[in-house]
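# Structural description and commentary
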Amino acid sequence: MKKYTFLSLKTNNLPYIGEIKEEINRVLESGWFLNGENTGCLEKEVAELCRTRHAVACSNGLDALRLIFRAYIETGMMNEGNEVIVPANTYIASILAVTDNRLKPVFVEPSDLTLNLDPDKVEAAITKRTKAIMVVHLYGAACWSPLLNDLSAKYGLKIIEDNAQAIGATASCTGLSATNVTGGLGDAAGLSFYPTKNLGALGDAGMVTTNDSKIAETVRALANYGSDRRYHNICKGLNCRMDEIQAAALRVKLRHLPEITAARRERAASYHTFITNPLIRKPLPDAGAVWHQYIVRTNERDRFRLYLSDNGVETDIHYAVPPHLQPCYSEYAALNLPITERIANEVVSLPITEGTPLADIQEISQIINKFR
Ligand SMILES: *Cc1c(COP(=O)(O)O)cnc(C)c1O
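My aim in this report is to walk through the structure given alongside it, one point at a time.

Scoring rules and cut-offs
- Residues numbered from 1 in each chain as written.
- Predicted model: local features only at pLDDT ≥ 70, side-chain atom pairs only at ≥ 80, totals over all residues.
- Heavy atoms only, no water.
- Near = heavy atom within 4 Å.
- Polar contact = N/O pair within 3.5 Å; in protein donor to acceptor, adjacent residues only side chain to side chain.
- Nonpolar A, V, L, I, M, F, W, Y, C, P; charged D, E, K, R; others polar.
- Buried < 20%, exposed > 50% of the residue type's maximum accessible area, 1.4 Å probe, protein only.
- Helix = DSSP H or I, 4+ residues; strand = E, 2+ residues; numbered from the N terminus.
- Arc of directions from axis to C-beta.
- Contact = heavy atoms within 4.5 Å.
- Core = buried A, V, L, I, M, F, W, Y, C linked by side-chain atoms within 4.5 Å.

## Details of the site of the ligand
Among the 14 residues in the neighbourhood of the ligand, the closest are listed as Gly61, Asp162, Gln165, Ser192 and Lys197. Here Gln165 contributes a side-chain N or O atom positioned 2.8 Å from an oxygen atom of the ligand. Lys197 places a side-chain nitrogen or oxygen 3.1 Å from an oxygen atom of the ligand. When its residues are assigned to classes, the shell around the ligand shows seven nonpolar, five polar and two charged.

## With respect to helix 10 (residues 301-310)
Three or more residues of helix 10 are buried, namely Arg301, Phe304, Tyr307 and Leu308. Down the axis of helix 10, the buried side of the element spans an arc of 130°, and every buried residue falls inside it. Projecting away from the buried face of helix 10 at angles above 90 degrees are the exposed residues Asp302, Leu306 and Asp310. In the core, the buried residues of helix 10 are packed alongside strand 10 (294-297), helix 11 (338-346), strand 11 (347-350) and helix 12 (358-369).

## Some details on the nonpolar core
In terms of nonpolar packing, the biggest core is built from 45 residues, with Phe69, Val84, Met134 and Ile160 touching the most fellow members. Breaking this core down by element, the ones donating at least two residues are strand 1 (54-58), helix 4 (61-74), strand 2 (83-87), helix 5 (92-99), strand 4 (130-136), helix 7 (213-222) and helix 11. Sort the elements by how many residues they give to this core and helix 4 lands first, with seven residues. Leaving out residues up to four positions away in the same chain, Phe69 has contacts with Met78, Val84, Ala97, Val98, Asn101, Leu103, Met134 and Ile160. Grouped together as the second largest cluster of nonpolar side chains are 23 residues, Ile167, Leu199, Leu250 and Leu254 included.

Structure follows, in structure tokens:
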């Protein structure tokens, strides 16, 4: 029986391995491993992509988000105990960045159509203690609405984007600045280059993008022991740097990101055309999405996954348990978040990366259409 792999990083990275090896060799021979030319260039290239004035490289996506909140605290714009509105349907790292800074996450339900934070439900969650809204562009689809621009202005709230899954995605409207590209929509954004993300490193790496010079400077210092120049520490910082080897590999892959995104869009469009089974709910078409995941839904998830697995199709679940139901967040377990909980029980992730041949997407769709 033919096997349809969910994801193979080996296959996906194969076209770039020659170029990556050359660049890694250059780093090796240079003897310069941190805060070097590759990191600086990658920052400029990502800032350009996200249409922001600044980009600051760091160790991973969670650290990017942690550093953003920490920078707002260091600069006096937020204080311990302040509230941050967060989407209830997200990967737990989004919430960890908030609670790590002793800020309080206020969970808001997603739209049942987009699975992303429902902007219409945000205003009701705002209190005197609210300082920020975190949007997560989950599965590669931008989460934005003109309403967010209005709420930010009306209540003086910062908007932080978790852009871990949506590098290069566009929203159907502009954000707080002139652009509609994710990473440049809000006040500050965190990117992840975790190996399985659309732009994946050879290990951990992340980036903060922002138009706010003060936040950029503070994040840069915080990520480097709190040091703004040699022997001068402006805050009690951390070590959250990106290394040159990762930056060099990421620069190679960034040059190919347009092809990677195009391949994912082609695969999503193919599923959209060929899956016709009324038992399976497809995601909404979204021309600006970069399809980090292709999520279908069914209320018979276990039986569906078993059927697919019996037919050689590997699938995954993103995510099986929402953050508020994780043991570490037991204080939020009693929250009433029925849409989030239903989504967690219905979602199935299908193979979507460039490593799955387009013809296989059609075959997988045909297998899905025979599910009864
Ligand atoms: C991957 C991911 C993160 C964390 O990024 P890391 O680089 O793994 O730390 C944060 N938020 C979301 C939505 C993610 O998918």
